[in-house]
Amino acid sequence: MNNNAKAKSKLLLSRTVAYLVLIFLSVLCLFFFYLMILNSSHSNFELQGSFTFKFGKFFADNFNNAWNDASIKIPRGMLNSFLIAIISAVLNVYFSALTAYGIYAYDFKLKKIADAFIIAVMMIPSQVSTVGFIQLAYKYNLTNKLWLLIVPSIAGPATYFYMKQYLKATLPLEIVEAARIDGSNEFVTFNRIVLPVMKPAIAVQMIFSFIASWNNYFTPSLLLTKAEYKTVPIMIAQLRSADYSKFDLGKMYMFIMLAILPVMIVYIILSKSIIKGVTSGSVKG
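Values in this document were obtained by computation on a predicted structure and should not be read as measured data. (Residues numbered from 1 in each chain as written. Predicted model: local features only at pLDDT ≥ 70, side-chain atom pairs only at ≥ 80, totals over all residues. Heavy atoms only, no water.)

Student: Mind laying out the packing of aromatic side chains, listing which residues take part and the relevant values?
Tutor: Taken as a whole, this structure holds nine aromatic pairs when the rule is applied. Here Phe82 and Phe210 contribute two aromatic rings whose centre-to-centre distance is 6.1 Å and whose plane-to-plane angle is 70°, an arrangement assigned as edge-to-face. Of the two residues, Phe82 sits in helix H4 (residues 74-105) while Phe210 sits in helix H11 (residues 199-214), which places them 128 residues apart along the sequence. Taking the centre distance of 5.9 Å and the plane angle of 20° together, the rings of Phe210 and Trp214 count as stacked. Here the residue Phe210 and the residue Trp214 both occupy positions in helix H11, the gap between them amounting to four residues, near one helical turn. Comparing Phe210 with Trp214 shows no difference in burial state: the two are buried. Within the aromatic cluster, the residues linked to one another by ring pairs are Tyr94, Phe95, Tyr101, Tyr106 and Phe190. (Phe/Tyr/Trp six-rings, centres within 6.5 Å; stacked < 30°, edge-to-face > 60°. Helix = DSSP H or I, 4+ residues; strand = E, 2+ residues; numbered from the N terminus. Buried < 20%, exposed > 50% of the residue type's maximum accessible area, 1.4 Å probe, protein only.)

Student: Which residues make up helix H10 (residues 186-197), and what values do they have?
Tutor: Taking 1.5 Å per residue, twelve residues should reach 16 Å; H10 reaches 16 Å between its end C-alpha atoms and fits that length. Burial in H10 covers these residues: Thr189, Phe190, Val194 and Leu195. For H10, the buried positions fall inside an angular range of 150° around the axis, keeping them on one side. For H10, the elements touching its buried residues are H4, helix H8 (157-170), helix H9 (173-181) and H11. Capping the start of H10, Asn185 holds a side-chain oxygen 2.9 Å from the backbone nitrogen of Phe187, two or three residues further along. (Expected span 1.5 Å × (residues − 1). Arc of directions from axis to C-beta. Contact = heavy atoms within 4.5 Å. Polar contact = N/O pair within 3.5 Å; in protein donor to acceptor, adjacent residues only side chain to side chain.)

Student: Mind laying out the packing of H4 against H10, listing which residues take part and the relevant values?
Tutor: Relative to each other, H4 and H10 sit at 110°, their axes nearing to 12 Å. The orientation of H4 with respect to H10, classified from their angle, is roughly perpendicular. Counted together, Tyr94, Ala97, Leu98 and Tyr101 of H4 and Glu186, Phe187, Thr189, Phe190, Asn191, Val194 and Leu195 of H10 form the full contact between these two elements. For the contact of H4 with H10, the class distribution of residues is eight nonpolar, two polar and one charged. (Axes fitted to C-alpha atoms, helices over the stretch in contact; angles between N-to-C directions. Parallel < 35°, antiparallel > 145°, perpendicular 65-115°, else oblique. Nonpolar A, V, L, I, M, F, W, Y, C, P; charged D, E, K, R; others polar.)

Student: So what's going on with the confidence of the model for the protein? Residues and values would help.
Tutor: Put simply, the protein has an average pLDDT of 84, and 92% of its residues get 70 or more. Looking across the protein, the model is least confident in helix H14 (residues 249-284), with a mean pLDDT of 73, and most confident in H4, with 92. (pLDDT = per-residue confidence, 0-100.)

Student: Kindly report on the nonpolar core, identifying the contributing residues and their values.
Tutor: Across soluble globular proteins, nonpolar side chains have a tendency to be buried as a group. Counting 46 residues, the largest nonpolar core has Tyr101, Met163, Leu167 and Met198 as the members making the most contacts within it. Of all the secondary structure elements, the ones that give two or more residues to this core are H4, H8, H10, H11, helix H13 (232-240) and H14. The dominant element in this core, judged by the number of residues it contributes, is H4, at eleven residues. If we skip the residues at most four places from it in the chain, Tyr101 touches Tyr106, Leu167, Leu171, Val176, Arg180, Glu186, Thr189, Phe190 and Val194. Counting ten residues, the second-largest nonpolar core is a separate cluster that includes Ile134, Ala137, Leu149 and Ile234. (Core = buried A, V, L, I, M, F, W, Y, C linked by side-chain atoms within 4.5 Å.)

In structure tokens:
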């Protein structure tokens, strides 16, 4: 009994410490979001004064000032960023999953070479290929085209590698063989059988791809020169480089909050699929 009591007390202590650490980290992460929302409710004069934890009365004013700014068109920038990010994420995840499935489920002569080549491409810094891509875009007058930022995202070596590892762990090839025996088309098998199995992995990579595309500044800043095509990171850089005498901190915090909001919404929506995948996997195990 004494040994059982000691084991239970140790287990309780370890769980308590783990929960306390998780609570501390959660509060630490959420605290900065709280500060951002808090600062977006204060005026520029209040933010330049003493700090307070009380919410201000200028939230609506800051929202109107940021949303209706004539020099920096936030609604248009958010729409441009959202279209690029969501389409890029969908194409990247789908075609990476399709490539991973093809290399995992099929046997052909160059299978190992193709796999090694894709992984080798993953090791190349993106800036190296971006320079040539930008030169090509200017050569053929393809600047200020939103689709030009979407097409390269179809090739995602890191997403492919993650998908392939996930398929190895979760998809028995016997399921694919059974579908083929039943006369299922290869694309039907992938879309109706394989993709549902990969739903947790797809949700994770959708989040990563969306955030990477949403926060991308380097390539859009070089290819998008017209105001109506600019994305949120470019507008944030413009706001940061504005004249300090006309700098409105309240509007800046509101703009940052609006820029982060779509990312948070996408994460909240897709995180449900991640949690379901983890729980279902634990039950099966």
